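Structural characterization, general
Below, each chain spelled out in residue letters.
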Amino acid sequence: MRVVIKEDKQMVAEWAAQYVAYKINHFRPNAKKPFVLGLPTGSTPLGMYAELIKLNNDGKVSFEHVVTFNMDEYIGLEPTHPQSYHYFMFENFFNHIDIQRKNIHILDGMTKDYAKECRNYELAIKEAGGIHLFIGGVGEDGHIAFNEPFSSLESRTRVKTLTESTIKANSRFFDGDLSKVPTMALTVGIGTIMDAEEVLILATGANKAQALKHGIEEGISHVWTISALQRHPHGIVLCDKAATSELSRETVSYFLDIEKNNF
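To keep things clear, this report deals only with the structure shown in the data block. (Residues numbered from 1 in each chain as written. Predicted model: local features only at pLDDT ≥ 70, side-chain atom pairs only at ≥ 80, totals over all residues. Heavy atoms only, no water.)

Re the layout of surface pockets
Convention followed: Using a grid of 1 Å spacing that covers the protein atoms alone, one calls a set of points a cavity when a 1.4 Å probe fits there but cannot get out, and a pocket when the set is open and has protein on both sides within 12 Å along at least five of seven lines; lining residues are those with an atom within 4 Å of a point. Grid points are joined across faces, edges and corners, and a volume is the space filled by probe spheres set on the points. In this text, helices come from DSSP runs of H or I with a minimum length of four residues, and strands from runs of E with a minimum of two, each type numbered from the N-terminal end. The classification used treats Ala, Val, Leu, Ile, Met, Phe, Trp, Tyr, Cys and Pro as nonpolar, Asp, Glu, Lys and Arg as charged, and all other residues, Gly among them, as polar.
Taken as a whole, the largest pocket encloses approximately 700 Å³ of empty space. Mapped by element, the contributors of at least two residues to the lining of the largest pocket are α1 (9–27), α2 (46–57) and α5 (164–170). Here the lining of the largest pocket takes five residues from α1, the largest share from any one element. Its residues placed into classes, the lining of the largest pocket shows 16 nonpolar, 14 polar and six charged.

Now the structure itself:
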């Protein structure tokens, strides 16, 4: 596992965007060989999306031959709902870059057949050739996507009931009204994420410090699903200094030293 520590969340956003652009450009995608990118929602990746839009507008990266798969979607929200992840992605990213609409994949939270939707999503990822780079955030309780504590580390795309802590955390997007927050979602599984060639997890702020401690220094456990990243051959945690406050001084010093000359 790589742990890249930056001074603040803006530097995290810039590093993440530059890394995504580098991976796409190095891959040299075309119509027959697209680059496949897994994407998150939430407040943490907003800075990265803003930086990627700048890079795209400046001609430093193109998304014309990039295929995307989002991590999750609430059940029961129309794609036009301001808090749906469909709306979030188009408002904050897709509407501002040169991506082809046919290459965008987001789970349908309005489907009448959840099992079929989840099976088809896994199939679509397989048919695209697998995900080259999956980017995610992490919750305060260590969850990735909507894989809450005690989710199987071999799980696939499925329906998940959201915990009270996740509903409470997401209520800030629903005017603080818990009753407006959906209680269920469709989400890729930990196994789905770990199948990607590379996984990049973003974490900013002191409220993510405990999750990082369990994910980096403690053992692999389904209680803290971020810890599954320890088993990935190409896993990266990208964080700001505030998020490292629960890590030991030795751990922080080690990664600052080993990463000082890396991208």
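Text resumes after the structure shown.
Regarding the side chain of lysine 160
Defined as follows: Working definition: with a 1.4 Å probe on protein chains only, accessible area under 20% of the residue-type maximum means buried, over 50% means exposed, and in between means partly exposed. In this tally, Lys and Arg are treated as positive and Asp and Glu as negative; His is ignored, and so are the chain termini. For salt bridges, the criterion is a side-chain nitrogen of Lys or Arg within 4 Å of an Asp or Glu carboxyl oxygen. Within 3.5 Å is the distance limit for a polar contact, defined as a pair of N or O atoms, with the added protein rule that one can donate a hydrogen and the other accept it, and that residues adjacent in sequence qualify only through two side-chain atoms. Any two residues whose heavy atoms approach within 4.5 Å at even a single point are treated as in contact.
If you trace the backbone, lysine 160 turns up in strand β7 (residues 158–161). The buried charged residue lysine 160 lacks any salt bridge, with glutamate 148 as its nearest oppositely charged partner at 6.9 Å. Side chain to side chain, lysine 160 and serine 151 meet in a polar contact 3.4 Å long. Among residues more than four places away in sequence, those in contact with lysine 160 are Phe146, Glu148, Ser151, Thr183, Met184, Ala185 and Thr187.

So, the packing of aromatic side chains
To be explicit about the condition: Pairing of aromatic rings covers Phe, Tyr and the six-membered ring of Trp, with a centre-to-centre limit of 6.5 Å; geometry is then stacked below 30 degrees between planes, edge-to-face above 60, and tilted otherwise.
One pass over the structure, following the stated rule, counts 13 aromatic pairs. A ring pair is formed by tyrosine 49 and phenylalanine 93, whose centres lie 4.6 Å apart and whose planes are at 25°; its orientation type is stacked. Residue tyrosine 49 is located in helix α2, and its partner phenylalanine 93 is located in the loop between α3 (85–92) and β5 (104–105); the two are separated by 44 residues in the primary sequence. By relative accessible area, which is 1% here, tyrosine 49 ends up buried. Taking the centre distance of 5.0 Å and the plane angle of 80° together, the rings of tyrosine 254 and phenylalanine 255 count as edge-to-face.

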